[in-house]
Every structure is written in structure tokens, then in C-alpha cells.
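A look at the structure
Here's the letter readout for the chains.
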Amino acid sequence: GRREDRRVTWMVAFWRDVAVRPFGQDGLPGSSRPLPPTSEPFVAGGRSYTWHQQLRLDEATAAAVRSASELPASGEAVVPIELPCVWEQVTDEGATPSGVTEELPEYSSCFQF
């Protein structure tokens, strides 16, 4: 595709055990990479990345996060929110109206290793 059509997909997972993979000599992005420090551009393998700097918290938000992290955990049980679907098929016309695809994608299509 055209350079202006490129995008970054931000994926977050809460796994009990995941092998974090460092950037290789080529500096190419990939799955299970650590988030670079948001304070400066990240350089790896002759490549320079700046997208992660947009995730930097402003000082007021960072102070609130530090303050909240010092609070003891409540131990209160919560009920997860059920989502109507996890996967949506997206085309040039948009997402499927029902939000449900005909079938789930293969696991290997979702996680790049």
C-alpha cells in the first residue's frame, strides 16, 4: 500500500506468562516487544521510532497514576462485562452491521510469532 495508508496496530494482552522478545539487529517491529520509553525516540537496527511518544502521560495524569498505585488493593470481586463479539469483519464499507463474522480466525492469524 501507499506510505500514507500505513498504520500501527496497538494490541494489549494480559497473559500470565509471555516471553517478551527484544528487538533484533534489524530493528523491525513484531509481537511481544516491550514498549520503549516514551520520553525519547527509540532507535534499533538503524531504524528510529517515535509513535510511542504519543502515549506519554501529561504530568497531572502521571501524578494521579503514581498516587493510585500507592493505594492498597481493595480485593473487591468484580463481574466482567460480556461483549457481544470480539472479532469484527471490516471492509471498505465498514464493519459488519451485526459485529459478528461468519467464523473466528485461526489462532496463528491473530498472534504473530
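Residues numbered from 1 in each chain as written. Predicted model: local features only at pLDDT ≥ 70, side-chain atom pairs only at ≥ 80, totals over all residues. Heavy atoms only, no water.

1. Details of the overall build of the chain
Using the following cut-off: To qualify as a helix, a DSSP run of H or I must reach at least 4 residues; to qualify as a strand, a run of E must reach at least 2; elements of each kind are numbered from the N terminus. Accessibility here uses a 1.4 Å probe with only protein chains present; expressed as a share of the type maximum, an area under 20% marks a residue as buried, one over 50% as exposed, and anything in between as partly exposed. Only heavy atoms enter the contact rule, under which two residues are in contact if any of them lie within 4.5 Å. Note on areas: Shrake-Rupley with a 1.4 Å probe; residue coverage comes only from the protein chains shown.
Across its full length, the chain holds two helices and four strands. Tracing the chain from N to C terminus, the helices and strands come up as β-β-α-β-β-α. Classification of the 113 residues of the chain by burial places 9% in the buried group. Put simply, 14% of the contacts in the chain that link residues at least 6 apart link residues at least 24 apart. Total accessible area on the chain is roughly 10400 Å²; 55% of this is exposed by carbon and sulfur atoms.

2. Digging into the environment of Leu57
Structurally, the position occupied by Leu57 is in the loop between strand E2 (47-49) and helix H1 (59-69). Its relative accessible area of 46% is what places Leu57 among the partly exposed residues. In this structure, the C-alpha to C-alpha distance between Leu57 and Thr38, residues 19 residues apart in sequence, is 8.7 Å. The residues touching Leu57, leaving out its near neighbours within four places in the chain, are Ala62 and Val65.

3. What to know about the side chain of His52
As for its position among the elements, His52 is in the loop between E2 and H1. Setting aside its immediate chain neighbours within four residues, His52 contacts Leu35, Pro36, Pro37, Thr38, Glu40, Pro41 and Phe42.

4. Examining a nonpolar patch on the surface
Counted only if it meets this: Each patch is assembled from residues with relative accessible area greater than 30% and no salt bridge, linking like charges that lie within 9 Å and nonpolar side chains (Val, Leu, Ile, Met, Phe, Trp, Tyr) that lie within 5 Å. Within this document, salt bridges are pairs made up of a side-chain nitrogen of Lys or Arg and a carboxyl oxygen of Asp or Glu, the two lying within 4 Å of each other.
A contiguous nonpolar surface patch, about 260 Å² in accessible area, is contributed by Trp15, Val18 and Val20. Locating Val18 in the fold gives a position in the segment before strand E1 (42-44). Take Val18: its relative accessible area is 36%, and that puts it in the partly exposed class.

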